[in-house]
Amino acid sequence: MSGQFRQGASWLLTEVGKDKIFIAEDMNDEQKAFGQTATDFVTKEVIPVSEKIEKKEAGVSVNLLKKAGEIGLLMAGIPEAYGGLGMNKVTTTALSENATHQGSWTVSYMCHTGIGTLPILYFGNKEQKEKYLPKLASGEFIGAYALTEAGSGSDALAAKTKAVLSPDGKHYILNGEKMFITNGAWADVITVFAKVDGEHFTGFIVEKDFPGVSHGKEEEKMGIHGSSTTTIVLEDAKIPVENVLGEIGKGHKIAFNVLNIGRWKLGAACVGGCKRVIEHTVKYVKERKQFGQPLADFEAIQMMIADMVIKTYITESMMYRYAGCLDDAIDTLDKTDAEYEKKSLKMIEEYAIEASIAKVFGSEALDEVADLGVQAHGGYGYIQEYPVERFYRNSRINRIFEGTNEINRMIIPGTLLKRAMKGEIDLMGEIQRILSQLKDGFAEVDIPGTLNNKVNMVNRAKKLAVYVSGVAVQKYMADIKDRQSFLLDMADFIIEVYAMDTAIGRTLQLLEKRGEDQCELEIAATKIYINDTCARLLNHARQFCANVAKGDEEAFGKYDKAIGRILEVTPICTLDLKATLAEKSLDKEGYPI
Amino acid sequence: MKIGVLVKQVPDTETKIKVLDDGSGIDENGVKFIVSPYDEFAIEEALKTKEANAGSEVTVASLGPSRCVESIRTALAMGCDKAIHIDDEGSGPDSYVTAKALAKVIGDQGFDVVFCGKQAIDDDMGQVPQLVAEFLAWPQVMILENLEISEGKAKATRRVSGGAKEVYELTLPAIFGCDKGLNTPRYASLPGIMKAKSKPVETLKISDLKGDANNKLEYSNFRMPPEKAPGKVLSGEVGDQVKELVRLLREEAKVL
């Protein structure tokens with residue numbers, strides 16, 4: 001046992017740089033080699049049959065999953081005892097990030113290794129794990145996850161699918177229809193949620209060949225055309241009682257915990273998506289000429305590329321930090337402990353806030369980057385022949401599945417406030433400290449080097465996030481949980497604080513490792529992001545408080561004054577910084593960091 | 001069988017090569033290095049030969065700076081059993097010295113057969129395997145397209161120009177330079193990558209192996225090729241275009 005346990009969301013109350021985070025640069029050779037194998041496989045096997053995948057030609061995607069299984073790409077996260085490699089989350093992040101060249105197939109792959117496999121891994125008993133995990137690890141079985149129904153999407157627990165014990169007590173008879181199931185037409189084994197006797201929400205391991213199990217026709221989707229999305233129909237489906245997953249009535253634990261992992265995995269895949277879009281875009285703008293020169297020579301295009309690189313740097317930093325943090329926490333556990341998986345789950349739950357942030361930030365980053373990519377392509381970006389068009393369409397689903405970004409945003413302050421109420425995180429104490437600092441002044445930290453001012457800005461942004469949350473909570477007390485507009489705004493503050501804290505944390509660690517002159521791009525990305533974001537948060541905080549004050553000018557005046565004291569933003573010249581980011585990206589024909 | 005495979009680490013094919021300011025070589029800063037692609041066919045052929053001959057062992061050998069060990073690990077992850085890294089000690093050996101050192105290692109190891117790429121994709125010299133064969137007095141077949149080995153003999157097919165093929169029958173030990181189309185190299189699988197960590201890599205020094213051989217080649221004055229001038233598009237009547245084309249080919253391109 002080694003590792004380190006950090007309390008979930010503790011970064012909100014911790015000064016920048018006080019906690020060492022995991023950074024992508026710390027990956028070992030083996031982890032990099034894994035990533036390389038994923039890249040090699042996807043570029044050599046998947047990309048050449050991209051058009052066949054998009055047309056859902058029979059067997060193409062499934063065979064690629066099975067081939068991926070042969071070289072071990074499906075087994076990394078599964079324990080060695082069940083035919084896997086027992087690799088940690090940083091390693092699987094490297095795989096998720098690099099299996100992203102063909103969006104439709106990425107979704108099939110991520111679904112299989114994520115929500116298709118994890119319920120059995122974390123909640124299965126020994127027999128279930130022995131029966132299913134080796135087959136999922138090798139690709140002999142393809143996995144899927146069936147939670148959503150026509151009438152219950154975000155409100156997943158309102159599912160209508162019903163399970164009734166057969167008179168002989170040997171089977172549960174399931175009736176109902178699950179909707180929008182990824183890998184639906186291909187899956188051999190599906191985690192299905194149903195209510196026992198219409199009441200007790202429960203997970204079941206369902207094989208496609210069990211009597212009464214079938215799937216509907218393929219949905220016609222906006223993007224990810226090559227992935228399978230169907231209904232799963234259960235008509236008097238006979239599921240053996242030994243295939244009940246976890247405890248009867250405890251299905252919500254499976255559903256939500258598996259989504260926590262799925263959310264971070266989605267974020268990790270988005271990092272890869274961003275990098276791919278940059279690669280396609282940079283190559284295009286170097287070739288395409290207008291007014292007698294390549295698009296790459298125009299400042300307008302260079303600024304777009306710089307923005308794409310900055311967003312990608314922040315997103316990448318976030319996904320590896322989360323993975324490293326979870327690995328460190330799980331490493332404190334004893335692997336031989338019979339309760340190891342259960343305790344691992346506790347750790348995953350501990351970082352529910354970070355998982356939701358990863359999902360929201362990653363999916364929105366990819367949408368922004370893909371949007372800029374299309375824009376830099378001009379008219380050709382709207383034409384299907386150019387890969388960026390597909391990235392743009394495929395990206396959109398990420399903000400919807402694995403819990404819409406709105407659901408995820410509300411989880412963030414919701415979880416934080418719940419923990420504060422239970423005394424698990426000292427939010428109330430911090431609010432008191434901020435109130436007294438507003439009178440006495442805030443202490444500045446002084447760290448040597450070029451990022452000192454940014455460190456102080458991020459520390460203040462943390463206080464701003466806590467302050468505005470405090471303002472809303474003070475006014476609405478327990479009712480805040482029903483005030484969605486405020487919750488969504490609070491989430492934005494918390495998300496951006498985590499993003500900035502992560503970016504500057506990584507850059508500071510790199511500075512220490514390599515020295516300032518070897519971190520030009522990282523420093524540029526960090527400075528620009530923090531300046532832009534703090535300026536936006538400042539405005540946002542004033543609007544938020546105006547909404548809380550609801551026309552009470554005196555109250556607003558008090559809030560506004562406090563906001564001004566907590567955070568000040570002086571714009572910096574970003575032109576040279578952005579030009580450097582763009583130049584290096586053009587030079588490398590891809591993400592330059 | 002004792003099977004040897006020679007691997008060279010080269011810059012990734014997609015690298016944007018930059019020349020050092022003083023023209024003494026290429027700038028390795030930020031360059032990603034890979035196993036030379038033709039050597040991947042050699043690794044695959046070595047592994048296939050091992051699988052067809054029970055009790056065989058594949059040893060990979062690579063000569064170069066310490067970063068070569070990364071490429072050695074890739075070969076081990078693909079399935080080679082052990083490795084020898086010959087440290088070039090910063091000496092920048094040419095094909096002649098490289099071949100001398102490799103021939104010494106191959107002779108000492110007592111390989112029955114050695115595979116290598118038909119050429120490395122960095123300097124595209126394509127000399128080392130033939131030189132090694134010469135120093136060892138072994139037969140060699142380059143640009144290998146097909147190979148059958150049985151009972152100490154080999155039947156090797158190579159492509160020659162004009163679509164013709166040459167078929168050689170020879171006695172082992174021999175050295176083969178592998179080409180694209182010979183096989184499909186396998187991936188470094190994830191379990192393979194994990195196993196590679198514990199496979200032995202022996203390090204030797206070039207100075208102990210090359211004998212009294214010294215470089216016969218001197219590298220200097222590296223320059224980027226001149227940028228290609230943009231193409232010309234002719235317009236007007238077809239007859240005029242043809243006349244203009246002939247004139248340009250004769251007067252400007254000077255090829256007629």
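Basis of the calculations
- Residues numbered from 1 in each chain as written.
- Chains lettered and ligands numbered in written order.
- Predicted model: local features only at pLDDT ≥ 70, side-chain atom pairs only at ≥ 80, totals over all residues.
- Heavy atoms only, no water.
- Helix = DSSP H or I, 4+ residues; strand = E, 2+ residues; numbered from the N terminus.
- Buried < 20%, exposed > 50% of the residue type's maximum accessible area, 1.4 Å probe, protein only.
- Contact = heavy atoms within 4.5 Å.
- Areas by Shrake-Rupley, 256 points an atom, 1.4 Å probe, with all protein chains shown as cover.
- Lys, Arg positive; Asp, Glu negative; His and termini not counted.
- Charge placed at Lys NZ, Arg CZ, Asp CG, Glu CD.
- Expected span 1.5 Å × (residues − 1).
- Bend = angle between axes of the 7 residues up to and from the residue.
- Pairing = 2+ DSSP bridges.
- Axes fitted to C-alpha atoms, helices over the stretch in contact; angles between N-to-C directions.
- 1 Å grid on protein atoms, 1.4 Å probe; cavity = no way out; pocket = protein on both sides within 12 Å on 5 of 7 lines; lining within 4 Å.
- Points joined across faces, edges and corners; volume = space filled by probe spheres on them.
- Nonpolar A, V, L, I, M, F, W, Y, C, P; charged D, E, K, R; others polar.
- Domains from an automatic or database assignment.
- Buried area = accessible area lost by both parts, 1.4 Å probe.
- Parallel < 35°, antiparallel > 145°, perpendicular 65-115°, else oblique.
- Right-handed = clockwise from strand over helix to strand, strands pointing away.

S.K.: What should I look at first to understand the overall build of chain A in this one?
M.R.: Tallying secondary structure elements over chain A gives 19 helices and 10 strands in all. Based on the C-alpha atoms only, the size of chain A along its principal axes is roughly 75 × 60 × 50 Å. The burial tally for chain A puts 59% of its 593 residues in the buried class. For chain A, restricting intrachain contacts to residue pairs at least 6 apart in sequence, the fraction spanning at least 24 positions comes to 78%. Roughly 24300 Å² of accessible area belongs to chain A as shown, and the carbon and sulfur atoms make up 51% of that amount. Taken together, the 71 basic and 84 acidic charged side chains of chain A have centroids lying 2 Å from each other.

S.K.: I'm lost on helix α7 (residues 126-138) of chain A in this one. Help?
M.R.: Every α-helix carries 3.6 residues per turn, so stepping three or four residues along brings you back to the same face. Residues and elements named next belong to chain A. Helix length check: α7, at 13 residues, gives a terminal C-alpha distance of 18 Å against a target of 18 Å (1.5 Å per residue), a fit within 8%. Along α7, the sharpest kink reaches roughly 30 degrees, centred on Tyr-132 and followed within four residues by the proline Pro-134. The set of residues buried in α7 consists of Gln-128, Lys-129, Tyr-132, Leu-133, Leu-136 and Ala-137. Count one or two residues on from α7 and you reach Gly-139, which has phi positive near 90 degrees.

S.K.: Explanation requested: the environment of Asp297(A) in the structure shown.
M.R.: Residues and elements named next belong to chain A. Inspection of the secondary structure assignment puts Asp-297 in the loop between β10 (293-294) and α9 (299-331). The class for Asp-297 is partly exposed, based on a relative accessible area of 45%. As for Asp-297 and Leu-586, which are separated by 289 residues in sequence, their C-alpha atoms are 9.9 Å apart.

S.K.: Before we go on, may I ask you to explain the sheet that holds strand β5 (residues 82-87) of chain B in this structure?
M.R.: Backbone hydrogen bonds hold the strands of a sheet together, and the pairing may be parallel or antiparallel. Residue and element names in this part refer to chain B. Spatial strand order, β9-β8-β7-β10-β6-β1-β4-β5-β11: nine strands in an open sheet with mixed pairing. Both outer strands of the open sheet, β9 (165-171) and β11 (201-205), are each paired with one neighbouring strand and no more. Within this sheet the neighbouring strands show an average axis-to-axis angle of 30 degrees, counted without direction.

S.K.: How do you make sense of empty space enclosed by the protein when you look at a structure like this?
M.R.: Where empty space is left in the structure can be found by rolling a water-sized probe over the atoms. All names here are of chain A. Applying the stated criterion across every chain, the model contains two cavities of 30 Å³ or more. Within this model, the largest cavity holds a volume of roughly 210 Å³. Lining the largest cavity are 21 residues; nearest its centre among them are Ala-76, Gly-77, Thr-92, Thr-113 and Lys-265. Going through the elements one at a time, α4 (89-98), α5 (103-113), α6 (118-123) and α8 (251-287) are the ones with two or more residues in the lining of the largest cavity. Residue classes in the lining of the largest cavity are distributed as 13 nonpolar, six polar and two charged. Formed jointly, the lining of the largest cavity draws a minimum of three residues from each of two domains, domain 1 (25-141) and domain 3 (252-403).

S.K.: I keep staring at the domain arrangement of chain A and nothing clicks. Help me out?
M.R.: Reports of interface size often rely on the accessible area that becomes lost once the parts have come together. All names here are of chain A. Here chain A is partitioned into domain 1 (25-141), domain 2 (144-247), domain 3 (252-403) and domain 4 (426-588). Taking only C-alpha atoms, the centre of domain 3 and the centre of domain 4 are 22 Å apart. Listed by partner, the interface residues are 25 residues for domain 3 and 24 residues for domain 4. Where domain 3 abuts domain 4, roughly 2200 Å² becomes buried across the two surfaces, and 73% of that area is made up of carbon and sulfur atoms. Of all residues in domain 3, Ile-310, Tyr-313 and Arg-321 give up the largest surface area on contact with domain 4, accounting jointly for 28% of the area buried on that side.

S.K.: So what exactly am I meant to see when it comes to unusual backbone geometry here?
M.R.: Of all residues except glycine, most have a negative phi; of all peptide bonds, most are trans. Residue and element names in this part refer to chain B. That bond from Leu-172 to Pro-173 is cis: its omega, 5 degrees, falls within 30 degrees of zero. Locating Pro-173 in the fold gives a position in the loop between β9 and β10 (174-178). Despite not being glycine, Glu-151 shows a phi value in the positive range, around 45 degrees. Structurally, Glu-151 can be placed in the loop between β7 (140-150) and β8 (153-159). In this structure Glu-151 comes out as exposed when scored by relative accessible area, which is 80%. Unlike most non-glycine residues, Asn-221 shows phi in positive territory, near 55 degrees.

S.K.: For this particular structure, what's the right way to read the packing of α9(A) against helix α17 (residues 520-549) of chain A?
M.R.: Helix packing geometry: the angle between the two helix axes and the distance between the axes. Residue and element names in this part refer to chain A. Between α9 and α17, whose axes approach to 9 Å, the crossing angle comes to 95 degrees. With respect to their mutual orientation, α9 and α17 come out roughly perpendicular. Counted together, Ile-310, Lys-311, Tyr-313 and Ile-314 of α9 and Glu-522, Ala-525, Thr-526, Ile-528 and Tyr-529 of α17 form the full contact between these two elements. Here the contact of α9 with α17 is built from residues that sort into six nonpolar, one polar and two charged.

S.K.: What should I look at first to understand the pairing of strand β1 (residues 143-146) of chain A in this one?
M.R.: For a regular strand, the rule is simple: side chains alternate between the two faces of the sheet. Residues and elements named next belong to chain A. Residues Gly-143 and Tyr-145 line one face of β1 and the alternating positions Ala-144 and Ala-146 line the opposite face, and both faces are buried. Bridge analysis of β1 against strand β4 (residues 189-196) gives four bridges, and the strand direction is parallel. Bridging from a neighbouring strand, Tyr-145 pairs with Thr-191 of β4.

S.K.: Whenever I open this one, the pairing of β5(B) confuses me. Can you help?
M.R.: All names here are of chain B. Sheet topology places strand β4 (residues 57-64) next to β5; six bridges connect them, and they run parallel. Its bridge partner being in β5, Ala-61 is matched across the sheet by Ile-84. For the segment spanning β4, helix α2 (residues 68-78) and β5, crossover handedness is right-handed. As paired strands, β5 and β11 are joined by five bridges and run parallel to one another. Its bridge partner being in β11, Ile-84 is matched across the sheet by Glu-202.

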